[in-house]
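# Observations on chain architecture
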Amino acid sequence: MTEIHTTEDHRRHLGRGFNWLGGAAIIAKIVDFGTILVVLLYLTKAQVGLGSLVIAFGMVIEAFDGLGTGDAVLQAPSITREQLDSLFWFIFAVAVLVAGLTLLAAPLVQMLYGQPGMAAFFLLVAIKQPLVAAAVIPLALLNRALRYEAIAAVNVGATFGAAFTRFAIALAGGGAWAIAGGYMASGVFILAGALLASPFRPRLRFHYPEIAPLLRFGLRSASANTLEQIFKNIDYMLVGWFYGAAPLALYRVAFDVAMEPAMAIGTIINRTALPVFARAAAVPGQLADALLWSLRRIAVLNAPLMVGLILMARPLMTLLHDSQGHSYAAAALPLQILALAAILRITSQLITPVLVGSGVPGKAAWVSAVTLVFLTTGILAVMLYFPAHNFPASSGIAGVACVWLAAYPPLLIWSAFYLRRHWQISPATLLRPFLLPGAAIAGLLILNFAARSIFRHPGLEAQIAIALAATLLAYAGLFWSTRAPRPA
């Protein structure tokens, strides 16, 4: 009886986390996506590419903040105030060091990419590092207490603040500074929100032996996080290096439209599932139940949206223009490929909280490293096969999108093998959560193509409206199916 109550408790925490963090992510992404589309109207493709390149480096640098100690605080059976004080000063000192190294490396990065003035943008990247570091302990305490409502409020507030900053700088004619400024501003608002939700004033004390066990776990977790950030941004770095800033803008727009909604769901997964998986890992049946519940939510939230984006890609990208009136139509095919890859990517990400929550972060780092090598090798092969001086950049960008699509089937196969061997979860059981979303997608496609045939040759706006309506109807059907009473 106790195990049943515990399983229900895990489900309740997962449901509450998905509802609050999911709602926050939806609001955040709508605001973020809307402001980015508006900002694109005030920036040239070269400015969008330059800002995107700086942020790609910033995200990798930011992965070193905290050195995984946030996960260590979350996973530890107990934590003392003395450990929190020492951890704070350790994290902050590392962040200041990383900020200094960032400023020293900025001229070298500018020289490698041949982008005049690029080094100046890294000042904003350096400023953000201590801000994010100061928020690690308050956010870890919120996660440890499963205070999803407060975390959601912090995320939404930071998104609104960054979006407003980005829009204001773009409106003032700041060019690429709009993108970099929004990135830095998110650190300011995250710290402010974290301190409001979880006030933490560190005392002036530091005792290394108290935090040594946490740092050992954190370093293993940090290696996985760092590899994950490199994995997320290596394509930006390589596309910008081989093809330049303007083609990178095409890739960035396609990637953001396709992957950002999926990554928002991925953020919900990691923040919601990790603390619950850590609690449930002691009982295999409870972990399996929590994992399947999470898979079902992923499939319902993500798959129909990605199919809808595939249908809307061509008319949407054709209508989108930069400040010089140039269309983003060349981004349509990469967007469609990346949207399909996003379905696989968001599903594969669940293995990371399973590994970290069950106490094997080193294996999570190994998985990330192997996938990173596969992705990097594939992108380099594409760029060598489609050199910029012989082929249009759009061909190379479509090839990079195909590499993303090919990267996840091996990871999913390995994950299924691991879950069967260590947690006795069969592949057939893992596929079951996708049956209902699969039926919804079939209905979505039928509705879309039927409506297009009725209207003969609909315009671009009409094509978007039809695909959007079909997607919303698919979600309505899924919502009705999950809410319908089931027989006992």
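Look up a bit, the structure's there.
These figures come from a predicted structure and were not determined experimentally.

Along the chain, Thr 44 falls in the loop between helix 1 (2-40) and helix 2 (45-62). Not counting residues within four places of it along the chain, the set of residues in contact with Thr 44 comprises Asp 322, Ser 323 and Gln 324.

Moving on, we come to the side chain of Asp 235. In this structure, Asp 235 sits in helix 9 (residues 208-243). Lacking a salt bridge, the buried Asp 235 has Arg 345 as its closest oppositely charged neighbour, with an N-O distance of 6.7 Å. Those residues in contact with Asp 235 that sit more than four places away from it in its chain are Tyr 251, Phe 255, Ile 379, Val 400 and Trp 404.

Our next topic: the pattern of salt bridges. In a structure, side chains of opposite charge can pair up when their charged atoms sit close to one another. The final tally for this structure, using the stated rule, is five salt bridges. Here Arg 81 ties to Asp 85 by a salt bridge, and the two come within 2.9 Å at their closest N and O atoms. Pair noted here: Arg 81 and Asp 85 are both in helix 4 (residues 81-113), with a separation of four residues, about one helical turn. Accessibility expressed as a relative area gives 33% for Arg 81, which makes it partly exposed. The shortest N-O distance in the salt bridge between Glu 82 and Arg 203 comes to 3.8 Å. Of this pair, Glu 82 sits in helix 4 while Arg 203 sits in the loop between helix 8 (177-197) and helix 9, placing them 121 residues apart in sequence. A relative accessible area of 31% places Glu 82 in the partly exposed class. Three or more residues joined by partner-sharing salt bridges are found here, namely Arg 81, Glu 82, Asp 85 and Arg 203.

Moving on: helix 4. If you check helix 4, its first and last C-alpha atoms are 46 Å apart, about what 33 residues at 1.5 Å a residue would give, namely 48 Å. Remark: the principal bend of helix 4, roughly 40°, maps to Ala 105, with a proline, Pro 107, within the next four residues. Just downstream of helix 4, Gly 114 is the residue with a positive phi angle, here 65°.

Its place among the elements puts Ser 198 in the loop between helix 8 and helix 9. When its relative accessible area of 9% is taken as the criterion, Ser 198 is described as buried. Sequence separation between Ser 198 and Leu 141 is 57 residues, and the spatial gap between their C-alpha atoms is 7.4 Å. Excluding residues that lie within four positions of it along the chain, Ser 198 makes contacts with Pro 138, Leu 141 and Leu 142.

This brings us to a nonpolar patch on the surface. Together, Val 38, Leu 41, Tyr 42, Phe 167 and Leu 171 line one region of the surface with nonpolar side chains, adding up to about 420 Å² of accessible area. Mapped onto the fold, Leu 171 is located in helix 7 (residues 148-171).

Conventions we followed
Residues numbered from 1 in each chain as written. Predicted model: local features only at pLDDT ≥ 70, side-chain atom pairs only at ≥ 80, totals over all residues. Heavy atoms only, no water. Helix = DSSP H or I, 4+ residues; strand = E, 2+ residues; numbered from the N terminus. Contact = heavy atoms within 4.5 Å. Buried < 20%, exposed > 50% of the residue type's maximum accessible area, 1.4 Å probe, protein only. Lys, Arg positive; Asp, Glu negative; His and termini not counted. Salt bridge = Lys/Arg side-chain N within 4 Å of Asp/Glu carboxyl O. Expected span 1.5 Å × (residues − 1). Bend = angle between axes of the 7 residues up to and from the residue. Patch = residues over 30% accessible without salt bridge, like charges linked within 9 Å, V, L, I, M, F, W, Y side chains within 5 Å. Areas by Shrake-Rupley, 256 points an atom, 1.4 Å probe, with all protein chains shown as cover.

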